[in-house]
Amino acid sequence: MRTIHRLLTATLLTLATATATLAQPAGPQSGPQTGPLRVDINAGLMQPMPIAVPAFAPGNAGTTEAGTTTALGERAAQVIANDLRSSGLFRPLDPAAFTTTVGVDSVLAPDFAAWRTIAAQALVTGTVTANPDGGITLACYAYDVFAGTEIARQGFVTTAAGWRRAAHKCADLVYSRLTGESGYFDSRIVYVSETGPRTNRIKRLAIMDQDGAQHRFLTSGQNLVLTPRFAPGQQTITYMSFENNRPRVWLYTLGSGRQEAVGEFQGMSFAPRFSPDGQNLIFSMAVGGNTDIWRYNIATRQSVRLTTGPGIDTSPSYSPDGRQIVFESDRGGSQQIYVMNADGSNQRRISFGEGRSASPVWSPRGDYVAFTRMGSGRFGIGVMRPDGTGERLLTNGYQDEGASWSPNGRVILFSRSDRSGRSGLWSVDISGLNERRLATPLDASDPAWSPLLP
Amino acid sequence: MTTTPLRLTLLTSLVLSLAACSGQKQEVAIEAPPATARPEAPATTTIGEQIPAMGGMTVPGSQEDLREKAGTDTVLFAYDSYELDAEARGVLARHAEWLRANPGVRVTLEGHCDERGTREYNLALGDRRANSAKNFLAAQGIGVDRLSTISYGKERPAVAGSDEGAFAQNRRAVTVVMGR
């Protein structure tokens, strides 16, 4: 796929540079006075960038199993606009205000003057073309409207059913070119869907695209299930299930739907996560009232105990390089966050803030640890550096917990419950801005964000 | 307008290049719906399961019998604690007595927490509470082969509610009769 993208992009670039009137070198360009169009992702209270995302033009009059190229072009633009809006960094303009329509010709030569009149700073446009094999090509172009220059272009070849992913990849391209960070829109979320009374909650694993589309349930609800987390390859999920009244760690294989218990242990295993190479799991095991952290090799089925103290050691999470593990322990009297080497050596406390700190998760960028802070009867999500400095609390709810990082380490997903027992998924960016709720069909908890899809 | 012919050239070439590529493209992986998931075990009933009394009589060795003889099947804990206070020890002493009177009965000690703890920590805390109760019964001479434990963390509160009254009832260990 990647090769194809490069080929396609190269082809487009070659063609463009060969045609004098269309020659627009790809990549960010400086406008004459304004400097490069850029979203400063680290700015404080910023104004989101006004951006126009008109319906993508039909590259041909084809029809696919997912709809006509015209219909897919309209829906792709909506998906892209929604992605960009959800980041809080962009403000897609209302298509009703558009003063120009986009045909194939204006994809390559936009009417910048018309886009300037509605104060669009950036323009995302493109085409959807039906291919002879039944698939589609989504061609994605981004422009700096005021400078009148191209920012990015890329084509995505996929099946007709894959049109949403092509649209997410287009949004990721725009996001990455304008922020300098990698995108996160072509990704999924696995979580626990909740229904029923608080005293007998029915919990099911569910999965959906990052924007809530393509939602489906993975388990039936007969067994209590908790804390799903993706493998780095995203085709496997580790979670905890109470099947047969034997609470322990399981693996779920997407695609086949196969479920498999992990290991034969004496005690309860829980709080599982994958190692960054996908070869190991780390989880807690409770034996006789004492909870320690173990590493389990999936291929050899060998397990190694990493902590040995009498306290509760749980919620382990690897650093992205796999060399360290952040976890929580009450060995000092109350829940606090600790870091150790991957072999269990050099255990040291890093959290010293007020209240209790729990459920640490290492950012995929390595720069932060997200955690749950408990104090004064409330739970909030915070971040700190892996050495414990730079602590910042980002949210404050009755019960905000279960942090999970976006693939680019800029956004944190978490679950929020209120005093009535209702729960839902929320996200916040690491500046503490753009707190928003994600729509789910039912109540929801324990979200886990996938890595970017390949 | 000089752009028109150039544009046509571009589009034609684009289509050609796409056609050239289509033979080697890999499709975006789309998952099938889950294959018929492996049949799961029947739903579990655990807390306070009642075996119906027959003709006003309590069935000996039943959950109801335990509750009747011992006064309760549940012991309560302080916030974030797994220590058995005097009252809890008194209740469990009666459970031990009842278990001695019903030598064929096995029980599971269920540990539970209120909602004021993180999910994973509470699973561990519930395990501590279940084991506190189990260890007390074992110390009273009940064979450990008759005693098992399970933690539900904060997943199965006894009562709904987010006030101290509800929390106090939810921080508990329950002696659940498993059968003979």
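Residues numbered from 1 in each chain as written. Chains lettered and ligands numbered in written order. Predicted model: local features only at pLDDT ≥ 70, side-chain atom pairs only at ≥ 80, totals over all residues.

Asker: Any details on the overall build of chain A? Residues and values, ideally.
Answerer: When helices and strands are tallied, chain A shows five helices and 34 strands. The C-alpha atoms of chain A give a radius of gyration of 24 Å, which matches the 22 Å a tight globule of 454 residues would have. Structurally, chain A occupies a C-alpha span of about 75 × 45 × 40 Å along its principal axes. Residues classed as buried in chain A amount to 52% of the 454 residues present. Sequence-distant contacts, at least 24 apart, represent 46% of the contacts inside chain A between residues at least 6 apart. (Helix = DSSP H or I, 4+ residues; strand = E, 2+ residues; numbered from the N terminus. Rg over C-alpha atoms; globule rule 2.2 N^0.38 Å. Buried ≥ 20, exposed ≤ 12 C-beta atoms within 10 Å, placed from the backbone. Contact = placed C-beta atoms within 7 Å.)

Asker: So what about the overall build of chain B? Which residues, and what values?
Answerer: A tally of helices and strands in chain B yields five helices and four strands. Taken from the N to the C terminus, the helices and strands of chain B come in the order α-α-β-α-β-α-β-α-β. Taking all 180 residues of chain B together, the buried fraction comes to 39%. The long-range share in chain B, meaning contacts at least 24 apart out of those at least 6 apart in sequence, stands at 67%.

Asker: Please provide a residue-by-residue account of the packing of helix α3 (residues 86-101) of chain B against helix α4 (residues 119-139) of chain B, values included.
Answerer: When two helices pack together, their arrangement is given by the angle between the helix axes and the distance between those axes. All names here are of chain B. Across the interface, α3 lies against α4 with an axial gap of 9 Å and an inter-helix angle of 55°. Comparing the axis directions of α3 and α4 gives the class oblique. Like other packed secondary-structure pairs, α3 and α4 cross with a definite hand, here right-handed. Contacts from R89, L92, H95, A96 and L99 of α3 reach α4 at A133, F136 and L137. Its residues assigned to classes, the contact of α3 with α4 shows six nonpolar, one polar and one charged. (Axes fitted to C-alpha atoms, helices over the stretch in contact; angles between N-to-C directions. Parallel < 35°, antiparallel > 145°, perpendicular 65-115°, else oblique. Left-handed = near helix turned anticlockwise from the far one by under 90°. Nonpolar A, V, L, I, M, F, W, Y, C, P; charged D, E, K, R; others polar.)

Asker: Got a sec to walk through the domain arrangement of chain A? Specific residues and values, please.
Answerer: All names here are of chain A. Domain assignment breaks chain A into domain 1 (2-30 + 48-179) and domain 2 (188-449). Distance from the C-alpha centre of domain 1 to the C-alpha centre of domain 2: 37 Å. Contacts between the two partners involve six residues from domain 1 and, on the opposite side, six residues from domain 2. Among the elements that take part in the side of domain 1 that touches domain 2, helix α2 (residues 69-86) stands out by supplying four residues, more than any other. (Domains from an automatic or database assignment.)

Asker: Please set out the sheet that holds strand β17 (residues 258-261) of chain A residue by residue, giving values where relevant.
Answerer: Residues and elements named next belong to chain A. Taken together, four strands build an open sheet; the order of strands is β14-β15-β16-β17 and the sheet is antiparallel. Because the sheet does not close on itself, it has two edges, and the strands there are β14 (225-230) and β17. The average undirected angle you get between the axes of adjacent strands in this sheet is 25°. Judged from the four bridges that link them, β14 and strand β15 (residues 236-241) form a sheet pairing that is antiparallel. Residue pairing for β15: L226 is matched across the bridge by M240. (Pairing = 2+ DSSP bridges.)

Asker: So what's going on with α4(B)? Which residues, and what values?
Answerer: Residues and elements named next belong to chain B. In a regular helix each residue adds 1.5 Å, so 21 residues correspond to 30 Å; α4 covers 30 Å between its end C-alpha atoms and thus fits that length. Within α4, 18 of the 21 residues are buried, which leaves the element mostly enclosed by the surrounding structure. At the C-terminal side of α4, G141 shows a positive phi close to 100°. (Expected span 1.5 Å × (residues − 1).)

Asker: Explain the environment of A139(B) to me, using residue names and the numbers behind them.
Answerer: By the secondary structure assignment, A139(B) is in helix α4. Judged by C-beta crowding, with 10 C-beta atoms within 10 Å, A139(B) ranks as exposed.

Asker: Help me get a handle on helix α2 (residues 63-70) of chain B, residues and values and all.
Answerer: All names here are of chain B. Buried residues of α2: Q63, D65, L66 and A70, and no others. Seen end-on, α2 carries its buried residues on one side only, within an arc spanning 160°. Positive phi appears at G71, one or two residues downstream of α2, with a value of about 90°. (Arc of directions from axis to C-beta.)

Asker: Describe the nonpolar core, and please don't skip the residues or the numbers.
Answerer: Core analysis: the largest hydrophobic core is formed by 132 residues, its most contacted members being I80(A), L138(A) and I412(A). The element best represented in this core is helix α5 (residues 163-179) of chain A, accounting for nine residues. Here this core gathers at least three residues from each of two domains, domain 1 (2-30 + 48-179) and domain 2 (188-449) of chain A. Those residues within four positions of I80(A) in sequence are excluded, and the remaining contacts are V53(A), V124(A), A167(A), C170(A) and A171(A). Counting 24 residues, the second-largest nonpolar core is a separate cluster that includes A130(B), F136(B), L147(B) and A173(B). (Core = buried A, V, L, I, M, F, W, Y, C linked by C-beta atoms within 7 Å.)

Asker: Quick one: what's the story with unusual backbone geometry, residue by residue and with numbers?
Answerer: Residue and element names in this part refer to chain A. Of note, the phi angle at T227 is positive, near 45°, even though the residue is not glycine. Structurally, the position occupied by T227 is in strand β14. Taking the number of C-beta atoms within 10 Å as the measure of exposure, T227 has 24 and is therefore buried. Not every positive phi belongs to a glycine, and S376 is a case in point at roughly 55°. Note that S376 resides in the loop between β27 (369-375) and β28 (378-384).

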